[in-house]
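# Reading the structure
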Amino acid sequence: MKRERTQSIIRGGATLLVVAALYEATARSGAFPPALLPTLPTVLATLWGLIADGSMLTHAGYTLYRMLAGFALAVAVGLPLGILMGRYRAIENFILPLASALMPIPSLAWVPVFILWFGLGNTVSILIVFYAAMFPMLLNAWSGVRSVNQLWLRAAGAMGADENALFWKVIIPGTFPFIITGLRQAFLRSWIAVVGAEMIAASDWGLGWMIFDAKEFLNTDVMLASLTVIGLLGFVFERVVFGSLERSTVLRWGMVQATKS
Amino acid sequence: MQDAAASASAALTPAAAGARARAFALTAYPFVVVAAIWELVAKLEVFPPRLFPPLEQVAAVFVRLTVSGILPHHAAETLLRLFAGFALAAIVGVALGIAMGRSRRIEDCVLPLVSIGAPIPGVAYAPLFLLWFGLGNVSAVLLVAFVSAFSIIFNTWTGVKAVKEIWVRSAQSMGADNRKLFRHVILPGALPYILTGLRLGIAQAWRILVVVELLAAVPWGLGWLIFGAREFLNTDVMLAGIAVIGIIGLAIEKVAFKRLEEFTVVRWGMMVS
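Residues numbered from 1 in each chain as written. Chains lettered and ligands numbered in written order. Predicted model: local features only at pLDDT ≥ 70, side-chain atom pairs only at ≥ 80, totals over all residues.

### Overview of the overall build of chain A
Rule in force here: For helices the rule is a DSSP run of H or I covering at least 4 residues; for strands it is a run of E covering at least 2, with both sets numbered from the N terminus onward. Counting other C-beta atoms within 10 Å of each residue's C-beta, where C-beta atoms are placed from the backbone, gives the exposure class: buried for 20 or more, exposed for 12 or fewer, partly exposed between. Throughout, a residue-residue contact means that the two C-beta atoms, derived from backbone geometry, are no farther apart than 7 Å.
Each helix and strand counted, chain A has 10 helices and zero strands in total. Secondary structure elements of chain A occur, N-terminal to C-terminal, as α-α-α-α-α-α-α-α-α-α. Structurally, chain A occupies a C-alpha span of about 75 × 60 × 30 Å along its principal axes. Counting all 261 residues of chain A, 38% fall into the buried class. Sequence separation of at least 24 residues holds for 71% of the intrachain contacts in chain A that already meet a minimum separation of 6.

Structure, rendered in structure tokens:
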């Protein structure tokens, strides 16, 4: 088992090296203009330069600010609303048709309308992220509450739990796996939305704007550098933040099994 | 035929008709409430009417553009791009996913590459593709293919790995050769996952296609329509375009994939609808 694992790692590493070498060879061969296909050392040097002079940090900071603000707003609205939908029939009947009608509209399609309504700048990006993250959060919280085991509710009721205790001790923990899935999906959506919205609606900072701006000047190395940062940040959030959230809650409570990886 | 008969008889019984009307009213009333609020805000001119047009104006624009053939033309171009890119992604993604699921060697080689590319949002690649492949349809189609490929590859790969070992072994012991094993065991076994992957893939592609159309400066397309309308402050055109985008998205999700699922995995009893 262990030998197989090391073999996998060696093969994976070898593939990455081969692909990098192929890319490098193509870039150096001069078949394509170097402005369009910069060599890997150039990209790394650009990335380092951007980090060293602090501009990359500012770009990333703006992007994270917009993303987190919209995401937090979506959680603050979507989570309670989803739980209420699961608990009260009237709210479900009102919200669900609206949500199903709005959900298939891609959040980025709203960008031009929002620009007209709110002007260029942070507001548009934050609202687009909010729109993107809202529906996964809402629907997961809703289906989470509905899928709480009826037996648990009755058992808690029989043991004398009042409405309050039932809600905090049974329904909320029971909904948690769904809430975490919702947070994850909401994050992925908002990460896409923030980059897309920044390309069109941001005016001076942000990773999406940086890529778009670099295109105007044929700075492919800058584009590849900020793509790397976007990928790294997305990866860190997905694995570290949500992974540890999952480990410290639902995995520890034994509600879901750890997937083998 | 049976369906038609069933619905006809349902329409005939007044109780069923009443239940249906009540269900319809229940779905419709939130929209009526929201539409009424919208109308009120628009009529009171809280915001400039150019930016916040009343609904009948949006509906009028929708009808005008549909009748004159402009809206269908935009929608057709967008759908063509979506399906061209999606078909490319489906062919490459399913093939690669199955190869990864069947061969340890291919899995080891491809998985790191796919895992590196996947966490980067597809729209971030858009400017890069535009530089490499130029403005226009080629970039848009390739981007759609690229974006939807990841979830197709991942799901197909998971699906092939999730095929029960005991099915494979029993088929082998009954003398199935590799081709038969693939066609009759692995492919049907992995199909629920593959369908999920295809559905996720097309949804992702649909979500960014609007922006790609704007960035790629294609001459027709719904994305171009709504962003072009912004230049002239035609909020009504933008809202009509967004409505069409939403309807198409819903149709792809609900009609196309539901049908496909009903005809395959649900009929085979592998999934409940």
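Anyway, onward from the coordinates.
### Observations regarding the interface of chain B and chain A
Convention followed: Residues are sorted three ways: Asp, Glu, Lys and Arg are charged, Ala, Val, Leu, Ile, Met, Phe, Trp, Tyr, Cys and Pro are nonpolar, and all the rest, Gly among them, are polar.
Counting from both sides, the interface comprises 41 residues of chain B and, opposite them, 41 residues of chain A. Residue classes in the side of chain B that touches chain A are distributed as 32 nonpolar, four polar and five charged.

### What to know about the domain arrangement of chain A
Interfaces are often sized by the accessible area lost when the parts come together. Filter applied, for reference: Those domain boundaries reflect an automatic or database domain assignment.
Splitting chain A by domain gives domain 1 (1–31) and domain 2 (38–251). A straight line from the C-alpha centre of domain 1 of chain A to that of domain 2 of chain A covers 33 Å.

### Considering helix α9 (residues 207–216) of chain A
Most of α9(A) sits inside the fold, with seven of its 10 residues counted as buried. Here α9(A) has its buried residues at A:L207, A:G208, A:W209, A:M210, A:I211, A:F212 and A:A214. On its buried face, α9(A) is in contact with α3 (55–87), α8 (163–201) and α10 (220–251) of chain A together with α6 (122–133) of chain B. The first or second residue beyond α9(A) is A:L218, which carries a positive phi of 55°.

### What to know about the domain arrangement of chain B
Domain annotation of chain B identifies domain 1 (2–46) and domain 2 (62–266). Distance from the C-alpha centre of domain 1 of chain B to the C-alpha centre of domain 2 of chain B: 33 Å.

### Describing the packing of α6(B) against helix α9 (residues 178–216) of chain B
Residue and element names in this part refer to chain B. Short version of the rule: Only the stretch in contact is used when fitting a helix axis, every axis being a line fitted to C-alpha atoms; angles between N-to-C directions are given from 0 to 180 degrees. In this scheme the handedness of a crossing depends on how the near helix is turned from the far one: anticlockwise by less than a right angle means left-handed, clockwise means right-handed.
α9 packs onto α6 with a crossing angle of 35° between their chain directions and a minimal axis gap of 10 Å. Helix-helix and strand crossings are classified by hand; for α6 and α9 the assignment is right-handed. Counted together, G122, V123, A126, P127 and L130 of α6 and Q204, I208, V211, V212, L215 and A216 of α9 form the full contact between these two elements. Residues belonging to the contact of α6 with α9 are distributed by class as follows: nine nonpolar, two polar and no charged.

### Notes on the nonpolar core
Cut-off, in case you're wondering: Joining buried Ala, Val, Leu, Ile, Met, Phe, Trp, Tyr and Cys residues through C-beta atoms within 7 Å gives a set, and that set is a nonpolar core.
Among the nonpolar cores identified, the biggest contains 130 residues, and A:I128, A:V129 and B:V144 are the most heavily contacted of them. Contact partners of B:V144, with chain neighbours within four places excluded, come to B:R81, B:L82, B:G85, B:F86, B:A205 and B:L209.

### Focus: the packing of helix α2 (residues 40–52) of chain A against α10(A)
Residue and element names in this part refer to chain A. Quick note on the threshold: The scheme is simple: roughly parallel for angles under 35 degrees, roughly antiparallel for over 145, roughly perpendicular for 65 to 115, oblique for anything else.
At a closest axis distance of 8 Å, the pairing of α2 and α10 adopts a crossing angle of 70°. Judged by the inter-axis angle, α2 sits roughly perpendicular to α10. In this structure, α2 crosses over α10, and the sense of that crossing is right-handed. In this structure, α2 uses T42, V43, T46, L47 and L50 to contact α10, whose residues at the interface are D221, V222, L224, A225 and T228. Here the residues of the contact of α2 with α10 are counted per class, giving six nonpolar, three polar and one charged.

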